[in-house]
Amino acid sequence: MTELVFVAQVAASFGVRGEFKLISHMDDPLSVLEYNPLYNPRGEPALVITAARVHKGALVVKAEGIADKDKADALKGLKLYVRREDLPEVEDEDDFYITDLIGLEVRGTDGSVIGRLKGVEDFGAGDLLDIQPKGGASYFLMFTRENVPEVNIGAGYVVIAPPDEVIVPAEPDPQTDH
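As the structure is a computational prediction, the values presented were derived from the model and not from experiment.

S.K.: Sorry if this is basic, but what is going on with the pattern of salt bridges here?
M.R.: Side chains that differ in charge, positive against negative, can pair when their charged atoms come close. The tally for this structure, following the rule as stated, stands at nine salt bridges. Measuring nitrogen to oxygen at the nearest pair gives 3.6 Å for the salt bridge that ties R84 to E3. With a gap of 81 residues between them, R84 in the loop between β7 (79–83) and β8 (105–108) and E3 in the segment before β1 (4–14) connect regions that are remote in the sequence. A relative accessible area of 24% means that R84 is categorised as partly exposed. With a closest N to O distance of 3.9 Å, E85 and R83 form a salt bridge. Via salt bridges that share partners, E3, R84 and D100 belong to a single interconnected network.

S.K.: Would you explain a negative patch on the surface in this entry?
M.R.: Residues D27, D28, E34, E89, E91, D92 and D95 make up a contiguous surface patch of negative charge. Inspection of the secondary structure puts D95 in the loop between β7 and β8. Its relative accessible area of 47% is what places D95 among the partly exposed residues.

S.K.: How should the nonpolar core be read in this particular structure?
M.R.: Side chains of nonpolar character tend, in soluble globular proteins, to be buried together. Core analysis: the largest hydrophobic core is formed by 23 residues, its most contacted members being F20, L22 and L47. Within the residue set of this core, elements represented by two or more residues are β1, β2 (19–24), β6 (58–63) and β7. Beyond its immediate stretch of four places on either side in the chain, L22 contacts A8, Q9, V10, V32, I49, A58, L59, V61 and L80.

S.K.: Would you explain a nonpolar patch on the surface in this entry?
M.R.: Taken together, L30, L33 and V54 make up a surface patch of nonpolar side chains, about 230 Å² in accessible area. With respect to the helices and strands, the residue L33 is situated in the loop between β2 and β3 (38–39). On the basis of relative accessible area, L33 is assigned to the partly exposed category, the value being 31%.

S.K.: Hey, could you run me through the sheet that holds strand β9 (residues 113–122) in this one?
M.R.: Backbone-to-backbone hydrogen bonds join strands into a sheet, with any given pair of strands oriented parallel or antiparallel. Reading across from one edge, β11-β10-β9-β8-β13-β12 is the order of the six strands in this open sheet, with mixed pairing throughout. Each of the sheet's edge strands pairs with one partner strand only, and the pair in question is β11 (139–142) and β12 (150–152). Neighbour-to-neighbour, the strand axes of the sheet open up by a mean angle of 35 degrees, direction not taken into account. Taken together, the four bridges between β8 and strand β13 (residues 157–160) define a ladder with parallel strand orientation. Following the sheet pairing, R107 is matched in β13 by V159.

S.K.: How should the environment of Y97 be read in this particular structure?
M.R.: Mapped onto the elements, Y97 comes out in the loop between β7 and β8. In this structure Y97 comes out as buried when scored by relative accessible area, which is 19%. Remark: the alpha-carbon pair of Y97 and R84, spanning 13 residues in sequence, is separated by 9.7 Å. Those residues in contact with Y97 that sit more than four places away from it in its chain are R84, L87, P88 and V90.

S.K.: What exactly am I supposed to notice about the packing of aromatic side chains here?
M.R.: Centre-to-centre distance and the angle between the planes together describe a pair of aromatic rings. A full pass over the atoms with the stated rule returns one aromatic pair. With a centroid separation of 5.6 Å and an interplanar angle of 50 degrees, the aromatic rings of F6 and Y81 are classed as tilted. Linking F6 in strand β1 with Y81 in strand β7, this pair joins segments that are 75 residues apart in sequence. Here K79 stacks its cationic end above the ring of F6, 5.3 Å away from the centre of that ring.

S.K.: Would you explain the environment of L104 in this entry?
M.R.: By the element assignment, L104 lies in the loop between β7 and β8. Here the alpha-carbon distance between L104 and A155, two residues 51 residues apart in the chain, equals 9.0 Å. Discounting chain neighbours no more than four positions away, the residues touching L104 are G115, R116, L117, I153, G156, Y157 and V158.

Calculation criteria
Residues numbered from 1 in each chain as written. Predicted model: local features only at pLDDT ≥ 70, side-chain atom pairs only at ≥ 80, totals over all residues. Heavy atoms only, no water. Salt bridge = Lys/Arg side-chain N within 4 Å of Asp/Glu carboxyl O. Helix = DSSP H or I, 4+ residues; strand = E, 2+ residues; numbered from the N terminus. Buried < 20%, exposed > 50% of the residue type's maximum accessible area, 1.4 Å probe, protein only. Patch = residues over 30% accessible without salt bridge, like charges linked within 9 Å, V, L, I, M, F, W, Y side chains within 5 Å. Areas by Shrake-Rupley, 256 points an atom, 1.4 Å probe, with all protein chains shown as cover. Lys, Arg positive; Asp, Glu negative; His and termini not counted. Charge placed at Lys NZ, Arg CZ, Asp CG, Glu CD. Core = buried A, V, L, I, M, F, W, Y, C linked by side-chain atoms within 4.5 Å. Contact = heavy atoms within 4.5 Å. Pairing = 2+ DSSP bridges. Axes fitted to C-alpha atoms, helices over the stretch in contact; angles between N-to-C directions. Phe/Tyr/Trp six-rings, centres within 6.5 Å; stacked < 30°, edge-to-face > 60°. Lys NZ or Arg CZ within 6 Å of the ring centre and 35° of its normal.

Structure representation (structure tokens):
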């Protein structure tokens, strides 16, 4: 099966002529237009974008077969993907695709294993790492150079240095937990 890379998500309809807002996760948001069709999570062709413009941090797009507000409304929340082989190769070791982070081991700056990287989300204010510690509930950490000083895709880990305001759950001590 072809590997898919998450590149955009439909946010909401825009107007009454079938346009909709699209949150692009590409470095250059308009570069999502270079990939047609865009695929749904099952790998099926989902959208062919015919026009786009930047509007308040998102793209307003027009797609084939979406001619009215009702059809645009039905797309809300749709995650869109491109085939991995259609993307350019990553040449710099400091560059990577967000999808390559998912599942990596999360370590502290002291080398201790904290957990796994469950996902990467963007709710509009930038990328957030969804960290699943070895014990306890998952939590989000802003994906910045300060918070994530090292990403090593080849070795399979990221190092986090969360600010003091973020409380990283400690592993339960089997000697004291009864």
